[in-house]
Amino acid sequence: MKVREMVWWWWIYIAVAVQASIKGEDYVTYDGRSLIINGQRKLLFSGSIHYPRSTPQMWSSLIGKAKEGGVDVIQTYVFWNLHEPQPGQYDFSGRYDLVKFIKEIQAQGLYVCLRIGPFIESEWTYGGFPFWLHDVPGIVYRTDNEPFKFYMQNFTTKIVNLMKSEGLYASQGGPIILSQIENEYQNVEAAFHEKGPIYVKWAAKMGVELETGVPWVMCKQTDAPDPVINTCNGMRCGETFGGPNSPNKPSMWTENWTSFYQVYGGEPYIRSAEDIAFHVALFIAKKGSYINYYMYHGGTNFGRTTSAYVITSYYDQAPLDEYGLLRQPKWGHLKELHIMIKNCSTPLLQGVQSNFSIGPLQQAYVFKEGTGACVAFLVNNDATKNVTVQFQNNSFELLPKSIGILPDCQNMVFNTAKVSTKPNKRITTLTKMFNEVDMWKEFKEDIPNFLDTSLRSNSLLEHMNTTQDKSDYLWYTFSFQPNSTCPQPVLHVESLGHVVHAYINTIFIEAGHGSHDTKGFSMDIPITLIDGINNVSILSVMVGLPDSGAFLESRYAGLTKVTIQCSESYIYDFTNYTWGYQIGLEGEKLQVFKEQSLEEVEWSEIDDSTNKSLTWYKTTFDAPIGDEPIALNMSSMQKGAVWVNEQSIGRYWVSFLTSKGNPSQTLYAKIVGTMCLAHSSTLLEIY
């Protein structure tokens, strides 16, 4: 399907500056009012665009649309697990080309905020940590732990040195004006007791000593040590932020959530343009000078990069949607707000602020400069009705839950709740149907038995530690022969994984799954046993790894209990039993999604037999003509993953319905580029 957009158009302050660089072309410092670049205070709007969540072909357009929308800074995380997949082995190619991404931002005249972390959370699998970190002896993540600090410092230094070698810091004439160390650490700090504050001080000191020549920030870290700036994350930082922890630091907002990430089984969160604009204006009225939209463009969680239960599409409700199309009226309304604020930037950054009540739920924030310039923000916190207020002997009507901006303290020329940009609608055009059976070939997975396995254990192994994140899939198998009559056996399975498929003697019997908010689930399945040896094969499936919370390195996933109940008084307990394990699927090992493997695998015609099993499908097709975004409609499928031209475009889970009975996602983005022939492979887990 081609995705396009259809649009209808309606119509005296003194502070001490803290220097963060000593030499270079562009000095980046700060004081209690704002960042200072080349000696000038800056009021900056920023937008998060993550380079691996889009493609290099999209970067220029995304950055250009952000700039057109009034964005001054592009903010991105740095993704450790992508860049260092094995210790000391680095990858900065393709979608991972961080330097190319930053240079494209620079070419379009924008600044960069580089959030190195290297823990990022970001609904990204394992919070951005490479899984090999899990096996470092004695490691405890994100605390005063020497093994962790060694690898964290090593990667942070690698990134900083890479940026320096390319001259990308502002102190070198480059676009990077800010760096971030750690990420929302205060959420977990208490779990580490006295070692938490020690780690915060160490991380801040480590970052500063790398001498980037630009300031460092720590978000949601009220005790960020000097000179690191503490910043706010959330939807309403104008109301919730306690402010900088020093009068010499500016008030900054590193994550203004433009919507919210979506999980399988969850409905999209729709945050209105009016609500975003209200809280942006309120933050500026309270002396905020840097606001970043998270996300400005969310993009796509390609491959297996999502965290647990998070859908493949990321922040599709952002000002630029998953395909890079304008999301109206959000994009246009914020653009108008940015223009208005920037036109007032001098008194906002240089003037003296005062605030006073103009009603029971109404407040005025006024900035006056010595030259006579004056800006006023009239705030109506009443969400139920219009209110008329008096300000400087004039009457002004304020819409419910809105802020009126008076750039001259006399005329209200912008109201956050008055949207002039007309909404648009994303529409799709059908370009190709794949509904003919003879268009497809299939490859069915064999169901492994205990004797097929080489990895053995006398207990249930933890899923993530066993697979080492090389696959979503782990087979648990065992064989047994009932030694007594078992007339109505019931297989009981408990799991802390995400999905379970159960097979008896290679016959599929049942599947079950948990949810984002339910960390474990159980299944009770009536089964049929044969005389003699019975083979039980249980497939545990992960849909992303956890991305947040303390002690990630000790999390448990996978099966926790397996029994077969023959009667009320007799139960076979296989929890501590001899198990055989197989990591991954045969199709993954054969790489059936790669072109060179297509002819090496024995594909067959579509089989409509009732024996449900894991099945791979493949087809080829001519790429649609044109340069519009392309999407695959997976609504006829159930659960699995999709590859196009050997690239994984993510997991799908159409069968996991929301409370309203809808799939959380049916369209899956892909880029064909200039390929005249495309091949597609998909893994289907049948329920």
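Residues numbered from 1 in each chain as written. Predicted model: local features only at pLDDT ≥ 70, side-chain atom pairs only at ≥ 80, totals over all residues. Heavy atoms only, no water.

- Within an unreviewed UniProt entry, the label attached to the protein reads Beta-galactosidase, and the organism entered is Gossypium barbadense.
- Under the UniProt heading Catalytic activity (unreviewed entry), the note attached to the protein is "Hydrolysis of terminal non-reducing beta-D-galactose residues in beta-D-galactosides." (UniProt positions renumbered as here; feature names shortened; annotations may be inferred.)

1. Considering the state of the cysteines
Part 1 of the argument: A full pass over the atoms with the stated rule returns 3 disulfides.
Part 2 of the argument: Shown here is the disulfide that connects Cys 232 with Cys 237, its sulfur atoms set 2.0 Å apart. Between Cys 232 and Cys 237, the disulfide has an S-S torsion of -85° and is therefore left-handed. Per residue, the accessibility class of Cys 232 equals that of Cys 237, and both read buried. (Disulfide = S-S within 2.5 Å. Buried < 20%, exposed > 50% of the residue type's maximum accessible area, 1.4 Å probe, protein only.)

2. Here we look at the pairing of strand 24 (residues 473-480)
Part 1 of the argument: Across the 8 residues of strand 24, 8 count as buried, placing the element largely inside the fold.
Part 2 of the argument: Every second residue of strand 24 is oriented toward a common face, with Tyr 473, Trp 475, Thr 477 and Ser 479 on one face and Leu 474, Tyr 476, Phe 478 and Phe 480 on the other, all of them buried.
Part 3 of the argument: As paired strands, strand 24 and strand 29 (residues 534-541) are joined by 8 bridges and run antiparallel to one another. When the sheet's bridge partners are listed, Phe 480 is paired in strand 29 with Asn 534. (Helix = DSSP H or I, 4+ residues; strand = E, 2+ residues; numbered from the N terminus. Pairing = 2+ DSSP bridges.)

3. Some remarks on the packing of aromatic side chains
Part 1 of the argument: Counted by the stated rule, this structure contains 55 aromatic pairs.
Part 2 of the argument: Residues Phe 434 and Phe 621 carry aromatic rings whose centres are separated by 5.3 Å and whose planes lie at 80° to one another, so their mutual orientation is edge-to-face. Here Phe 621 lies in strand 33 (residues 615-622) and Phe 434 lies in the loop between strand 21 (424-429) and strand 22 (441-444), a separation of 187 residues in the sequence.
Part 3 of the argument: Arg 142 extends its terminal NZ or CZ atom over the ring of Phe 119, reaching a point 3.7 Å from the ring centre. (Phe/Tyr/Trp six-rings, centres within 6.5 Å; stacked < 30°, edge-to-face > 60°. Lys NZ or Arg CZ within 6 Å of the ring centre and 35° of its normal.)

4. Notes on the packing of helix 7 (residues 273-285) against helix 8 (residues 330-343)
Part 1 of the argument: Relative to each other, helix 7 and helix 8 sit at 20°, their axes nearing to 9 Å. Classified by the interaxial angle, the pair formed by helix 7 and helix 8 is roughly parallel. Viewed along their axes, helix 7 and helix 8 form a crossing whose handedness is right-handed. Packed against helix 7, whose contacting residues are Ala 273, Glu 274, Ile 276, Ala 277, Val 280 and Ile 284, the element helix 8 presents Lys 330, His 333, Leu 334, Leu 337 and Ile 341 at the interface.
Part 2 of the argument: Taken together, the residues of the contact of helix 7 with helix 8 sort by class into 8 nonpolar, 1 polar and 2 charged. (Axes fitted to C-alpha atoms, helices over the stretch in contact; angles between N-to-C directions. Parallel < 35°, antiparallel > 145°, perpendicular 65-115°, else oblique. Left-handed = near helix turned anticlockwise from the far one by under 90°. Contact = heavy atoms within 4.5 Å. Nonpolar A, V, L, I, M, F, W, Y, C, P; charged D, E, K, R; others polar.)

5. Let's talk about the sheet that holds strand 19 (residues 402-406)
Part 1 of the argument: With antiparallel pairing, 5 strands are arranged side by side in an open sheet as 14-15-16-19-20. Strand pairing shows two members of the sheet lacking a second neighbour, strand 14 (352-359) and strand 20 (414-415), which therefore form its edges.
Part 2 of the argument: Sheet analysis places strand 15 (residues 362-368) next to strand 16 (residues 374-380), joined by 7 bridges and oriented antiparallel. When the bridges of strand 16 are listed, Val 366 appears paired with Ala 376.
Part 3 of the argument: With respect to the sheet, helix 7 is in contact with strand 14, strand 15, strand 16 and strand 19, its orientation differing from that of strand 16 by roughly 130°.

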